Amino acid sequence: MASKRNLKKQVNYIISELFTECLVCKAIFPKEENEKKLDELMEKIVDMQNEFIGRLNHVEPGNIKGSYKKFHEDFNREVGAIIESISKLH
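Residues numbered from 1 in each chain as written. Predicted model: local features only at pLDDT ≥ 70, side-chain atom pairs only at ≥ 80, totals over all residues. Heavy atoms only, no water.

### So, the nonpolar core
Cut-off, in case you're wondering: Only buried residues count toward a nonpolar core. Its members are Ala, Val, Leu, Ile, Met, Phe, Trp, Tyr and Cys residues joined through side-chain atoms within 4.5 Å. Burial status follows relative accessibility: with a 1.4 Å probe on protein chains alone, a residue under 20% of its type maximum counts as buried, one over 50% as exposed, and anything between as partly exposed. Each helix corresponds to a stretch of at least 4 residues labelled H or I by DSSP, and each strand to a stretch of at least 2 residues labelled E; elements are numbered beginning at the N terminus. Whether two residues are in contact is decided by their heavy atoms, any of which lying within 4.5 Å being enough.
Core analysis: the biggest nonpolar cluster contains 21 residues, and Val11, Cys22, Met48, Phe75 and Ile82 have the highest contact counts within it. Residue assignment for this core shows that the elements contributing at least two residues are helix H1 (4-28), helix H2 (32-57) and helix H3 (64-88). Sorting elements by how many residues they give to this core places H2 first, with eight residues. Ignoring sequence-local partners within four residues, the contact set of Ile82 consists of Leu18, Leu41, Ile45 and Met48.

What follows is the structure, given as structure tokens:
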């Protein structure tokens, strides 16, 4: 199992890549309706970062393995949904 420190670094890296992808899309496809959707998506990405870093800071004491497993499942699902949302805007 990875340490909390490494997991936080990975979460921050993935979040920064998603945020950068939104900024690039905003620069390349400057449609007004896309900009509003991208702004909402970037806000969702920041909220997601806060949520998942908070979840890493407060792991369930009696169920550590289960907490990390659920964390990975939820994080991967959210990242997949954001990637799908970005690809629909192209």
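### Side note on the packing of aromatic side chains
Here is the rule: Classification of ring pairs uses Phe, Tyr and Trp, with its six-membered ring standing for Trp, and accepts pairs whose centres are within 6.5 Å; under 30 degrees between planes counts as stacked, over 60 as edge-to-face, and the remaining range as tilted.
Under the counting rule described, the total for this entry stands at three aromatic pairs. Measuring from centroid to centroid gives 5.4 Å for Phe52 and Phe71, while their planes differ by 75 degrees, and the two rings are edge-to-face. Within this pair, whereas Phe52 is found in helix H2, its partner Phe71 is found in helix H3, the two being separated by 19 residues in sequence. A single burial state applies to Phe52 and to Phe71, both of which are buried.

### Quick notes on the state of the cysteines
Defined as follows: Note on terminology: disulfide denotes any pair of cysteine sulfur atoms within 2.5 Å.
This model, assessed by the stated rule, comprises zero disulfides. Lacking any disulfide linkage, Cys25 is separated from the closest cysteine sulfur, that of Cys22, by 6.5 Å. Its relative accessible area of 3% is what places Cys25 among the buried residues.

### Some details on the pattern of salt bridges
Close approach of charged atoms allows side chains with opposite charge to pair. For the record, the criterion: Salt bridge, as used here, is a side-chain nitrogen of Lys or Arg placed within 4 Å of a carboxyl oxygen of Asp or Glu.
All told, the structure shown has seven salt bridges when counted by the stated rule. In this structure, Lys26 and Asp39 form a salt bridge, with 2.4 Å as the shortest nitrogen-oxygen distance. Here Asp39 lies in helix H2 and Lys26 lies in helix H1, a separation of 13 residues in the sequence. We classify Lys26 as partly exposed; its relative accessible area is 24%. Asp39 sits in the partly exposed class, given a relative accessible area of 36%. Note that Glu32 and Lys36 form a salt bridge whose closest N and O atoms lie 3.9 Å from each other. On the criterion of helical spacing, the pair formed by Glu32 and Lys36 is a turn pair, its members being four residues apart in helix H2.

### Overview of the environment of Cys22
Residue placement: Cys22 occurs in helix H1. With sequence-adjacent residues up to four places away left out, Cys22 is seen in contact with Leu38, Leu41, Met42, Ile45 and Ile86.

### Here's the deal with the packing of H1 against H3
The line we're drawing: Only the stretch in contact is used when a helix axis is fitted, and all axes are lines through C-alpha atoms; the angle between N-to-C directions ranges over 0 to 180 degrees. Should an angle lie under 35 degrees it is considered roughly parallel, over 145 roughly antiparallel, and from 65 to 115 roughly perpendicular; all remaining angles are considered oblique. The residue classification treats Ala, Val, Leu, Ile, Met, Phe, Trp, Tyr, Cys and Pro as nonpolar and Asp, Glu, Lys and Arg as charged. All others, Gly included, are polar.
The contact between H1 and H3 brings their axes to 11 Å, and the two run at 10 degrees. Of the possible angle classes, the one that applies to H1 and H3 is roughly parallel. Note on element contacts: H3 touches H1 through Tyr68, Phe71, His72, Phe75, Val79, Ile82, Ile83 and Ile86, opposite Lys4, Leu7, Val11, Ile14, Ile15, Leu18, Glu21, Cys22 and Cys25. Residues of the contact of H1 with H3, tallied by class, amount to 14 nonpolar, one polar and two charged.

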